[in-house]
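Notes for the structure review
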Amino acid sequence: MPIQPMQTVAVTAATYTANPQVVLGFEPDSITMFNESATATDVVVFSFDGVTDHGKLVPLTPLAALSWETKLREVWLRLRSGAVALNVTVMAGSRA
């Protein structure tokens, strides 16, 4: 059962970077992300292709942490306009 060690990613840009911030060495069954900020306006948007917004992590709400059942190996993270640099914790695992 592959498990991605927990990693903390510093998110500093309001646009997606050319390369994903998270690259998994295996095909996961799920990816879990948590926005570590305690400021409600520090929203992080994430993408599984570096172009399309697939979701957001909103501090101090139920959307502060999300778990996606997905086979995708890459995650891009960006700040929503007005947010400041912050950390996102990412974990992934597979049952196989």
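Residues numbered from 1 in each chain as written. Predicted model: local features only at pLDDT ≥ 70, side-chain atom pairs only at ≥ 80, totals over all residues. Heavy atoms only, no water.

1. What to know about the pairing of strand E3 (residues 30-35)
Each regular strand displays side chains that alternate between the two surfaces of the sheet. Going by this rule: Type-normalised accessible area, obtained with a 1.4 Å probe on protein chains alone, sets the label of each residue: buried when under 20%, exposed when over 50%, and partly exposed for intermediate values. Put simply, DSSP marks the helices as runs of H or I at least four residues long and the strands as runs of E at least two long, and each gets a number from the N terminus on. For two strands to count as paired, DSSP must find a minimum of two bridges between them.
Judged by which residues are buried, E3 turns out to be one-sided: Ile 31, Met 33 and Asn 35 face inward and are buried, whereas Ser 30, Thr 32 and Phe 34, on the alternate face, are not. Examined bridge by bridge, E3 and strand E6 (residues 65-69) share five bridges and lie antiparallel to one another. When the sheet's bridge partners are listed, Ile 31 is paired in E6 with Trp 68. In this structure, E3 lies alongside strand E8 (residues 86-93), joined through six bridges in antiparallel fashion. Bridge assignment links Ser 30 to a residue of E8, and that residue is Gly 93.

2. Topic: the packing of aromatic side chains
In plain terms, the rule: Pairing of aromatic rings covers Phe, Tyr and Trp, the last counted by its six-membered ring, and requires centre-to-centre distances within 6.5 Å; plane angles under 30 degrees mean stacked, over 60 mean edge-to-face, and any other angle means tilted.
The final tally for this structure, using the stated rule, is three aromatic pairs. Summarising the aromatic geometry, the rings of Phe 48 and Trp 68 are spaced 5.3 Å apart at their centres and angled 65 degrees between planes, so their arrangement reads as edge-to-face. Of the two residues, Phe 48 is situated in the loop between strand E4 (44-47) and strand E5 (55-57) and Trp 68 in strand E6; the sequence distance between them amounts to 20 residues. Residue Phe 48 is classed as buried on the basis of its relative accessible area of 8%. When its relative accessible area of 29% is taken as the criterion, Trp 68 is described as partly exposed.

On their own, these measurements won't tell you what the molecule is for.
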